[in-house]
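Structural description and commentary
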Amino acid sequence: MNLPPRPEFRLHVGWRTIKTAFTAALVAIGVIAALLVNYFLPRERVTAAWDGLLHRLGR
C-alpha cells in the first residue's frame, strides 16, 4: 500500500533533533581523535605535552 504523501504533511526537524545529532557527531570526532592519539603517539610524549601545557597555564 504505497500512498502518496498528504499535501498538508511537512517534515519537521526540531531543535532537539539537530542538537542531538550535533552532539553525537562531536562525540564521534572526539573518540576517533582519542583513538588516533593513543595509536600514533607514545604515552611518554603525550604526558610530556600535557604537563607542559599545564605548566604554561600555571596549574
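Just above sits the structure.
Residues numbered from 1 in each chain as written. Predicted model: local features only at pLDDT ≥ 70, side-chain atom pairs only at ≥ 80, totals over all residues. Heavy atoms only, no water.

In terms of regular secondary structure, the protein chain is built from two helices and zero strands. Its C-alpha atoms give the protein chain a radius of gyration of 22 Å, more than 25% over the compact-globule value 10 Å for 59 residues. Along the longest, intermediate and shortest principal axes, the C-alpha atoms of the protein chain span 65 × 25 × 10 Å. Here the protein chain, with 59 residues, has 2% of them falling under the buried criterion. Accessible area of the protein chain: about 6,200 Å², with a carbon and sulfur share of 66%. (Helix = DSSP H or I, 4+ residues; strand = E, 2+ residues; numbered from the N terminus. Rg over C-alpha atoms; globule rule 2.2 N^0.38 Å. Buried < 20%, exposed > 50% of the residue type's maximum accessible area, 1.4 Å probe, protein only. Areas by Shrake-Rupley, 256 points an atom, 1.4 Å probe, with all protein chains shown as cover.)

Quick look at the packing of aromatic side chains now. In the structure shown here, the tally under the stated rule is one aromatic pair. Considering the side-chain rings of Tyr 39 and Phe 40, the 4.9 Å spacing of their centres and the 85° angle between planes classify their relative orientation as edge-to-face. Assigned by exposure class, Tyr 39 and Phe 40 land together as exposed. (Phe/Tyr/Trp six-rings, centres within 6.5 Å; stacked < 30°, edge-to-face > 60°.)

Another point: the pattern of salt bridges. One pass over the structure, following the stated rule, counts one salt bridge. Here Arg 6 and Glu 8 are joined by a salt bridge, their closest N and O atoms 2.9 Å apart. Like Arg 6, the residue Glu 8 is exposed in the burial classification. (Salt bridge = Lys/Arg side-chain N within 4 Å of Asp/Glu carboxyl O.)

With that settled, the discussion passes to helix α2 (residues 43-57). Across its 15 residues, α2 extends 21 Å between first and last C-alpha, which sits within 8% of the 21 Å expected from 1.5 Å per residue. Gly 58 sits one or two positions beyond α2 and adopts a positive phi of about 85°. (Expected span 1.5 Å × (residues − 1).)

Residues Ile 32, Leu 36, Val 37, Tyr 39, Phe 40, Leu 41 and Val 46 make up a contiguous nonpolar surface patch of roughly 690 Å² in combined accessible area. It is helix α1 (residues 15-40) that provides the largest number of residues to the nonpolar patch, a total of five residues. Mapped onto the elements, Val 37 comes out in helix α1. By relative accessible area, which is 39% here, Val 37 ends up partly exposed. (Patch = residues over 30% accessible without salt bridge, like charges linked within 9 Å, V, L, I, M, F, W, Y side chains within 5 Å.)

Now for the environment of Pro 7. With respect to the element layout, Pro 7 can be found in the segment before α1. Among the residues examined, Pro 7 registers a relative accessible area of 80% and is labelled exposed.

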